[in-house]
Amino acid sequence: MAENEASRYSEGTPCWVDAQLPDVEAGKRFYGELFGWTFEDQPQGTVRALKEGEPVASLAHKTDGRMPTVWTVSFATPDAAATCGRIRAAGGRIVSPPLPFGDLGVTALVTDPEGAVFSLWQGARTPGFGRRQEPGTFAWVQLYTRDTEAANTFYGDLFHEALFGPDADPAFGRAPVTDVFAAEMPPHLLVHFATEDLAAALAEVARLGGRVQVPPFETSYGTAAVVTDNQGASFALLSR
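Described below are features of the structure shown in this document.

Analysis parameters
- Residues numbered from 1 in each chain as written.
- Predicted model: local features only at pLDDT ≥ 70, side-chain atom pairs only at ≥ 80, totals over all residues.
- Heavy atoms only, no water.
- 1 Å grid on protein atoms, 1.4 Å probe; cavity = no way out; pocket = protein on both sides within 12 Å on 5 of 7 lines; lining within 4 Å.
- Points joined across faces, edges and corners; volume = space filled by probe spheres on them.
- Helix = DSSP H or I, 4+ residues; strand = E, 2+ residues; numbered from the N terminus.
- Nonpolar A, V, L, I, M, F, W, Y, C, P; charged D, E, K, R; others polar.
- Axes fitted to C-alpha atoms, helices over the stretch in contact; angles between N-to-C directions.
- Parallel < 35°, antiparallel > 145°, perpendicular 65-115°, else oblique.
- Left-handed = near helix turned anticlockwise from the far one by under 90°.
- Contact = heavy atoms within 4.5 Å.
- Expected span 1.5 Å × (residues − 1).
- Buried < 20%, exposed > 50% of the residue type's maximum accessible area, 1.4 Å probe, protein only.
- Polar contact = N/O pair within 3.5 Å; in protein donor to acceptor, adjacent residues only side chain to side chain.
- Arc of directions from axis to C-beta.

1. A closer look at the layout of surface pockets
Inference 1: A volume near 1200 Å³ is recorded for the largest pocket.
Inference 2: Lining the largest pocket are 45 residues, with Asp18, Gln20, Thr72, Leu109 and Ser119 positioned closest to its centre.
Inference 3: At the level of secondary structure, the elements contributing two or more residues to the lining of the largest pocket comprise β1 (14–21), β4 (54–61), β5 (70–76), β6 (93–101), β7 (105–111), β8 (117–123) and β11 (188–194).
Inference 4: Here the lining of the largest pocket gets six residues from one element, more than from any other, and that element is β6.
Inference 5: Taken together, the residues of the lining of the largest pocket sort by class into 23 nonpolar, 19 polar and three charged.

Structural data, given as structure tokens:
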């Protein structure tokens, strides 16, 4: 699959990201200025973000104030119901069972055995990202977990070919939560967006009302910094 000709995604490939926000209009202003995104309304009530006319993310209004303000990653699957069955059998949990998302595909919200939340996407008319791995688009997702060995077993069994197959080129890593965050931070998946100039991007986050949560640090996949937007949703900026 060419990076920016996303005709299809193999099972276990990160294929979409979405943010649940209290104020979608404020989110549009923040991410539009930070990443150069434009936006279009969707019939399902979400807002699709575009980079140079290609879909890269979506923003949705958080309908329940008890829900977290958060970015969520979706992994591709050819059969969301079957994948949910495997997740449940491996000790994960189904938060929201597979449901049609208009005529675009089928989505489900799930957790791994430690409680880290992610989505599944069974694409129909929309397979996922139209652009990725370039400035202002998805670049990586990192699982911060208390048990990397158990996480490798769970995700390796669930998405073996994408992570460990002979042609694997994963944009998904696993690390101990204490590598970056305080020990009491719950396990979670952190979405990374690419940037060419990390220092300039961090200054722009601050100008737009966000904040730096974890200053730049070196990883095996580039230099990253964890930030929050102007509504508290955490994400990372990644320079390679």
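2. What about the packing of helix α2 (residues 80–89) against helix α3 (residues 148–158)?
Inference 1: The interhelical angle for the contact between α2 and α3, taken along N-to-C directions, is 155 degrees, at an axis separation of 10 Å. The orientation of α2 relative to α3 falls into the category roughly antiparallel. For α2 against α3, the interelement crossing comes out right-handed. Across from Thr83, Arg86 and Ile87 in α2, the residues of α3 making contact are Phe154, Asp157 and Leu158.

3. Observations regarding helix α1 (residues 24–35)
At 3.6 residues per turn, the α-helix brings residues three or four places apart onto the same side.
Inference 1: Look at α1: 16 Å from first C-alpha to last across 12 residues, which is about the 16 Å you get at 1.5 Å a residue.
Inference 2: Within the span of α1, buried status applies to Val24, Ala26, Gly27, Phe30, Tyr31, Gly32, Leu34 and Phe35.
Inference 3: For α1, the N-terminal capping position is held by Asp23, with its side-chain oxygen 3.1 Å away from the main-chain nitrogen of Glu25.
Inference 4: Downstream of α1 by a residue or two, Gly36 has a phi angle that is positive, lying close to 75 degrees.

4. Topic: helix α5 (residues 198–207)
Inference 1: Within the sequence span of α5, burial applies to Leu198, Ala201, Leu202 and Val205. Viewed end-on, α5 has its buried residues packed into an arc of 100 degrees, placing them on one side of the element. Exposed residues pointing more than 90 degrees away from the buried face of α5 are listed as Ala199 and Arg207.
Inference 2: For α5, the secondary structure elements touched by its buried residues are α1, β12 (211–219), β13 (222–228) and β14 (234–239).
Inference 3: One side-chain oxygen of the residue at the start of α5 lies 3.3 Å from the amide nitrogen of Ala199, identifying that residue as Asp197.
Inference 4: Among the residues trailing α5, Gly209 stands out with phi positive, at a value near 100 degrees.

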